[in-house]
Every structure is written in C-alpha cells, then in structure tokens.
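Each chain, letter by letter, is given below.
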Amino acid sequence: MHVVGIIAEYNPFHNGHLHHLNQIKALFPDSLIVLVLNGYFLERGEISCLSKEDKTRIALTYGVNLVLELPAVFGGQSADVFAEKAIEILAHFHVTDLVFGSECNHVTKIIHAAKEQLQEHYNIQVNEFLKKGYNYPTSMAKALTYSIQEPNDLLGLSYAKAILKQNLSIQIHTIKRTSSYHDTTSCSNIISATNIRKKWQQNLSIADYVPDGVFSHLNELDQQKFWKTLQYRIISDNSLEQFLTVDEGIEKRLQKFALNASSFEQFMQLIKTKRYTYNRLRRMCNHILLGFTKEQNSTLALCYVRILGFDLKGQYYLKQIRNDLQIETHPIVNSIQYQMEMRASFLYDYFTGSNTYDFERKNQPIQL
C-alpha cells in the first residue's frame, strides 16, 4: 500500500487543496494519506486564519486519513528547516510517497536542483551573489543551473533536499499548480490562499473559493493587538540579538523604527532592506513575540510527534505501525518544543479571540 505524505498549512483550506487531495486519490486509489500540518505561526511569517484544530477537522472531512503536527519551533522557520522536519515526521510514520503542488511540475528538474544545492560549490556561489547585494532567495535561484524561483517549486526543492540529506526512499510526485501564489485578482474556481485572504480582508465573498464548512471557522487577526504586543517586545528588550534570526545588527534598526511606526505594515516598510525579504522579517518578528532564542534553537531536535487526528483508516494504520514507531507520540511537557507550542497557542488566542489553548492542553486527537 502507498502511504502518501502531504505537507500543508491550510491558510485557509481552499478548492486548490481539495483538488490536490482528489488528484492523490486518483493517482493512488488505495493509499493512506498522511498530512503533516503546520499550526499557528507559518513558514512565511504569517499567522494562520484557521486554528490547528479546525484545520485538522477540515482535512479529515475532505479525505486525509491521519494528521500529524509540525511543531511551531520548526514550522515558523525558513523553508529548509520547515521541510527538513516535516520530512523527518513523514519518515517516522513510514510514508512511501510525497505529493506536492508545483508550478514547473517537473520532478527531475527539482531533484537535480536539490542535488546541486547540496554540493559545496553551491554555497560559495550563493555567497558571491549575496555580496553583490541580492537577497537570499534570489541568490539561491541564480546559483542554480536550472533556475527555480516559484514559491511551490522552491518548497518542493527543500523537500527533495531533505529527502536526499536524510537518505530516505520517499518517492516524489508533483501536481501541476493551477493558480499563481502572486496573483491577487483572479476569480476562477481555484485561486491562491493569498488571493483568498486578500478578498476576505476586503470583505468580499470567498464562498466560491473554499469548500463547505471552511468560511465559518476563519479567525480574524486583531492587527492592533498584534502590533502593540510586538512593539512592546521590541522597544522594551535590550537584547533582541538573542532571538532567532535577529542577525547582523538589525536589532538596532528594529528598535529605531518600532518607535516611529503606527502599524505593523508601516513598520515592515520602514525596516525592509534589499537583503531582508518580507518573509524573513515576519519570521523574525514572530521569533521575538514567542521569545524563541538562538540558544534554544541550537540544541533543538524533534523529540515527539503529536497525533492531531485520524479517521478509521488512519486509526487502523496507527495500530499496525505502533510497535515500529521510533519516536514518542505524546507531548514531552518539559521540552522547548512543547513550551513554544503552548506559547504559540496562547498568543494566537490573544490575537484572534480563539480558544485553542484548551485543545493543546487536553491533547485529544480528533476522531472522524
């Protein structure tokens, strides 16, 4: 039996994600679908508009058999860290195949680029482009023989690299992405999550773009609470450089402009430089909010995988592999991994008015 892995954030779950699941079922009719799900603080530095609990319920409703947690300490980092830990989780649960959306839809090209990135000379070339003033994503793309620059392809590249680094036998498959991540104006049946969020924030109807049962669970971020909390953290802390990704003296720039900005959007515009992408800056701000330090990250390892939910097929599979699992499936409460997950939940509730903390504390998998 194929055990198919997918990695997602569902911000929000939309028609494109449903298409993805239906394509997997067509490719592997008798497969088990295992989802590694990111929760509250996302890879591009955004905060999810769906809670982890609601995302789990929605995923199970639309065909996922087993949902596993991608911890906040890894899910809110760069694409390489995000991918490496997600792949590690899939490997623990004996996933045989990975399927992801791709703009180029060319597995060989992605694997070739991944092998190229793992060669020593690649990093030398990247540093040369950085010295010329390019930002990190552009420098990475320019150092490749076959340029890969689209968001899903870049994430797929990170997945392929993680599989190669961990010497895993997971097979990669792509599904052609039907919408552009950068497109914020289209009104077709399948549009990007970015486009959906923009329409939602403008109070436009998104009913045509998300499956039934999604819209009613969307959580709106209180931008003023978010900004004021971040502003306080920045201006009141004299050692911002201790936090993960606060590098190269940028803490001085953060503190300078935090006093002048009246909103998070204005703050982002003021601190933006050619070297620092918006994604990198948003992740940095989230690390400051969570109090996640470089020292904590330096000794961090995946110490457990929390099972968020399953259907009957997923439950049967868990019973089959229970004796073969090489990792704990219950939270280790004294770990940094657990403590940061609870902080992320608490902050998410404060910023959105949700009640995710009880879901985290009870640790009861959702059963469909």
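What you see is a predicted model; the values in this text were computed from it and never measured.

Caption draft 1: Here's a closer look at the overall build of the chain. Within the chain, the secondary structure is distributed over 17 helices and 7 strands. Whereas a compact globule of 368 residues would reach a radius of gyration of roughly 21 Å, the chain reaches 20 Å, a difference of no more than 12%. The principal-axis extents of the C-alpha atoms in the chain amount to approximately 55 × 50 × 45 Å. Out of the 368 residues belonging to the chain, those deemed buried represent 55%.

Caption draft 2: Representation of the environment of Q119. With respect to the helices and strands, Q119 occurs in the loop between α5 (107–117) and α6 (120–131). The sequence separation of Q119 and L98 amounts to 21 residues, and the corresponding C-alpha distance is 23 Å.

Caption draft 3: Region of the structure containing unusual backbone geometry. For the bond running from N11 to P12, omega is 0°, close enough to zero to count as cis. Mapped onto the elements of the fold, P12 is located in the loop between β1 (3–8) and α1 (15–27). The phi angle at E248 is positive, at roughly 60°, despite the residue not being glycine. As for its position among the elements, E248 is in the loop between α10 (223–236) and α11 (250–258).

Caption draft 4: The packing of α10 against helix α13 (residues 278–290), seen in detail. Interhelical geometry of α10 versus α13 gives an angle of 75° and a closest axis separation of 9 Å. Judged by the inter-axis angle, α10 sits roughly perpendicular to α13. Here F226, T229, L230, R233 and I234 of α10 come into contact with α13, specifically with C285, N286, I288 and L289. Across the contact of α10 with α13, the residue classes tally to 6 nonpolar, 2 polar and 1 charged.

Caption draft 5: Broad picture of the pairing of β1. With 6 of 6 residues buried, β1 is to be regarded as a mostly interior element. Side chains V3, G5 and I7 of β1 all project onto a buried face; the interleaved residues V4, I6 and A8 project onto the opposite face, where all are buried too. Taken together, the 6 bridges between β1 and strand β2 (residues 32–38) define a ladder with parallel strand orientation. Paired with I7 across the bridge in β2 is V36. This β-α-β element, β1 to α1 to β2, shows right-handed connectivity.

Caption draft 6: Inspection of the sheet that holds β1 at higher detail. Pairing is mixed across the open sheet formed by 7 strands, whose spatial order is β5-β4-β1-β2-β3-β6-β7. With one partner strand each, in any of the chains shown, β5 (171–176) and β7 (366–367) form the two edges of the open sheet. Strand direction decides the pairing type here: strand β6 (residues 307–310) and β7, joined by 2 bridges, are parallel. In the sheet register, G309 faces β7, and the bridge partner there is I366. In this fold helix α8 (residues 151–165) packs onto β1, β4 (97–102) and β5, with an angle of close to 160° to the strand it touches most, β4.

Caption draft 7: Expanded view of the pattern of salt bridges. Under the counting rule described, the total for this entry stands at 16 salt bridges. Close ionic contact of K52 with E360 constitutes a salt bridge, the shortest N to O distance being 2.8 Å. Within this pair, whereas K52 is found in helix α2 (residues 52–61), its partner E360 is found in helix α17 (residues 357–362), the two being separated by 308 residues in sequence. Each member of the pair, K52 as well as E360, carries the same accessibility label: buried. Through salt bridges with shared partners, a single network forms among K52, E69, R306, E341 and E360.

Caption draft 8: Representation of the packing of α10 against α11. Running from N to C, α10 and α11 cross one another at 125°; their axes reach a closest spacing of 9 Å. Classified by the angle their axes make, α10 and α11 are oblique. The two elements α10 and α11 meet at a crossing, and its hand is left-handed. Contacts from W227, Q231, I234 and I235 in α10 reach L254, Q255 and A258 in α11. Of the residues contributing to the contact of α10 with α11, the split by class is 5 nonpolar, 2 polar and no charged.

Caption draft 9: Up close: the environment of D153. Within the fold, D153 resides in helix α8. For D153, a relative accessible area of 5% corresponds to the buried category. Note: C-alpha distance between D153 and K109 (44 residues apart in sequence) is 9.9 Å. Those residues in contact with D153 that sit more than four places away from it in its chain are S102, E103, C104, N105, I110 and I148.

Caption draft 10: Molecular detail of the pairing of β6. As defined by bridge partners, strand β3 (residues 66–70) adjoins β6 across 3 bridges and the pair is classed as antiparallel. Bridging from a neighbouring strand, L66 pairs with F310 of β6.

What counts as what
Each chain carries its own residue numbering, running from 1 in the direction its sequence is written. Thresholds applied to this predicted model are a pLDDT of at least 70 for local features of residues and 80 or more for the giving and counting of side-chain atom pairs; totals over whole chains, interfaces and linings are not thresholded and use all residues. For the side-chain quantities, the full set of heavy atoms in the structure was used; hydrogens and water were omitted. What counts as a helix is a DSSP run of H or I of at least four residues, what counts as a strand is a run of E of at least two, and both are numbered from the N terminus. As a reference, a globule follows 2.2 Å times the number of residues to the power 0.38, and the radius of gyration itself is taken over C-alpha atoms. Only protein chains enter the accessibility calculation, which uses a 1.4 Å probe; a residue whose area is less than 20% of its type maximum is buried, one above 50% is exposed, and one in between is partly exposed. Lines fitted to the C-alpha atoms define the axes, with helices restricted to the stretch that makes contact. Angles between their N-to-C directions range from 0 to 180 degrees. Each angle is binned into one of four classes, with values under 35 degrees roughly parallel, values over 145 roughly antiparallel, values of 65 to 115 roughly perpendicular, and all other values oblique. For this analysis, residues touch if any pair of their heavy atoms sits within 4.5 Å. For this classification, the nonpolar set comprises Ala, Val, Leu, Ile, Met, Phe, Trp, Tyr, Cys and Pro, the charged set comprises Asp, Glu, Lys and Arg, and every other residue, Gly included, is treated as polar. At least two DSSP bridges between two strands are required for those strands to pair. Throughout, right-handed denotes a crossover for which the path from the first strand over the helix to the second runs clockwise when the strands point away from the viewer. By convention in these notes, a salt bridge is any Lys or Arg side-chain nitrogen within 4 Å of a carboxyl oxygen on Asp or Glu. In a left-handed crossing the near helix is turned counterclockwise from the far helix by less than a right angle, and in a right-handed crossing that turn is clockwise.

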